[in-house]
Amino acid sequence: MTQPIPAGAQPTGVGAEPSAREQSAREQALVDRVVASFDDTPDERLRTLMQSLTRHLHAFVREVRPTETEWQRAIDFLTAVGHITDDRRQEFILLSDVFGISMQTVQVNNEARADATEATVFGPFFVADAPFVENGGDIANGAPGQPCWVQGRVTSIDGSPVADARLDVWEADDDGFYDVQYTDDRTAARGFLVTDANGEYRFWALTPTPYPIPHDGPVGELLSAVHRSPMRASHLHFMAQAAGLRTLVTHIFVDGDPLLDADSVFGVTDSLIKRFEFHEAGSPTPDGRVVEGPWSQVRFDIVLAPA
Ligand code: BEZ
Ligand code: FE
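All values reported here derive from a predicted model rather than from experimental measurement.

Calculation notes
- Residues numbered from 1 in each chain as written.
- Chains lettered and ligands numbered in written order.
- Predicted model: local features only at pLDDT ≥ 70, side-chain atom pairs only at ≥ 80, totals over all residues.
- Heavy atoms only, no water.
- Helix = DSSP H or I, 4+ residues; strand = E, 2+ residues; numbered from the N terminus.
- Rg over C-alpha atoms; globule rule 2.2 N^0.38 Å.
- Buried < 20%, exposed > 50% of the residue type's maximum accessible area, 1.4 Å probe, protein only.
- Contact = heavy atoms within 4.5 Å.
- Areas by Shrake-Rupley, 256 points an atom, 1.4 Å probe, with all protein chains shown as cover.
- Donors = N, O, S within 2.8 Å, 3.2 Å for Na, K, Ca; no water.
- Tetrahedral: all angles 85-135°; square planar, octahedral: opposite > 155°, others 65-115°.
- Core = buried A, V, L, I, M, F, W, Y, C linked by side-chain atoms within 4.5 Å.
- Expected span 1.5 Å × (residues − 1).
- Polar contact = N/O pair within 3.5 Å; in protein donor to acceptor, adjacent residues only side chain to side chain.

## Describing the overall build of the protein chain
Counting secondary structure elements, the protein chain contains six helices and 12 strands. The C-alpha radius of gyration computed for the protein chain amounts to 26 Å, which surpasses the reference 19 Å derived for 307 residues by more than 25%, pointing to a less compact arrangement than a globule. Taken along the three principal axes of its C-alpha coordinates, the protein chain extends 100 × 40 × 35 Å. The buried share of the protein chain, reckoned over its 307 residues, is 38%. Partitioning the contacts of the protein chain with sequence separation of at least 6, the portion at a separation of at least 24 is 70%. When the accessible surface of the protein chain is summed, it comes to about 17600 Å², and 54% of that surface belongs to carbon and sulfur atoms.

Next comes the structure, spelled out in structure tokens:
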């Protein structure tokens, strides 16, 4: 038998709707209060960043509605990211990398300009005081790997050569390690060159090979939980600096590398994929150097945007 509805009560069924509306209103009111708490931030940019971050974080929580246990798991994860981070290991950067946020930050800061060479992620293995290497020299310094002759020209977007540009170059060895990951203090597979009067440069390096980003920490656990590989596509890092021109941080990638579509940090762009020519042992080299075994060569012309 139908019960009489007490005066003032909502009819059954209709009551759910005002309750959902009330819930949403409470959630929105909290967002509004938190956003407003930043209203008096004197630094306008900081205010924009904090208010936007608040809106996006609350939108995420309201969309996925994490349980309190899930939220605690997230806090534990970030705590672990902090604990493993020190002067040599930067797990927060790795986290930003595997979300594609490092690459997106590079993209928003390097708006496409004419035919300027594209930028990509910096990575954690740059060293500021790398050794100077003469044009034609070898950056390997004993690091294991197949020799690779790298040459190119640095120009500005109007095509004029950029003399005296500083080119820092660094890469992993054949075992997948950068020198900063060695247990001794050796410097290897890195250096800096200076372009000649024609904007040209040339050096011996190692044919790039694939390697994993550090994956023995929380970011590695995350990748494995979501069935993603930590591997990076084979690459050679460059940083090009010249007076009056925008500093370029980039890599070149090896055409045909099967990892090009699966780079763990989303650093690959089509324009940075270069054709490496592979040569048999004993083939003459561009500078007459006698190389034992097979070697490769690649050309990378760099176009720098105005500052
Ligand atoms: C790298 O290319 O060296 C690198 C980039 C992002 C994360 C880890 C390594
Ligand atoms: Fe790298």
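Okay, back to it.
## Observations concerning the coordination of the iron ion (ligand 2)
Those protein atoms acting as donors to the iron ion (ligand 2) are Tyr178 (OH), Tyr211 (OH), His235 (NE2) and His237 (NE2), and they sit at 1.9 to 2.1 Å. Each of the six donor atoms around the iron ion (ligand 2) contributes to a set of angles spanning 53 to 170°, which defines the coordination as irregular. In primary-sequence terms, the residues that donate to the iron ion (ligand 2) follow Y-x32-Y-x23-H-x1-H. Of this pair, Tyr178 sits in the loop between strand 2 (166-170) and strand 3 (190-194) while Tyr211 sits in strand 5 (residues 211-212), and the two are 33 residues apart along the sequence. The buried category is assigned to Tyr178, whose relative accessible area is 0%.

## Let's talk about the nonpolar core
In this structure, Val150, Val154, Tyr201, Phe203, Phe238, Ile302 and Leu304 are the most contacted members of the largest nonpolar core, which totals 28 residues. Counting only elements with at least two residues in this core, the list comes to strand 1 (147-156), strand 2, strand 4 (200-206), strand 7 (235-241), strand 8 (248-254) and strand 12 (302-304). Those residues in contact with Val150, other than ones at most four positions away along the chain, are Tyr201, Arg202, Phe203, Ala205, Leu236, Phe238 and Val298. Residues Ile213, Val219, Leu223 and Val265 belong to the second largest nonpolar core, which totals 11 residues.

## Considering helix 2 (residues 44-64)
The terminal C-alpha atoms of helix 2 lie 30 Å apart, and with 21 residues this matches the ideal 30 Å at 1.5 Å per residue to within 8%. Regarding helix 2, its N-cap is Asp43, as a side-chain oxygen of that residue lies 3.0 Å from the backbone nitrogen of Arg45 further along. Just downstream of helix 2, Arg65 is the residue with a positive phi angle, here 45°.

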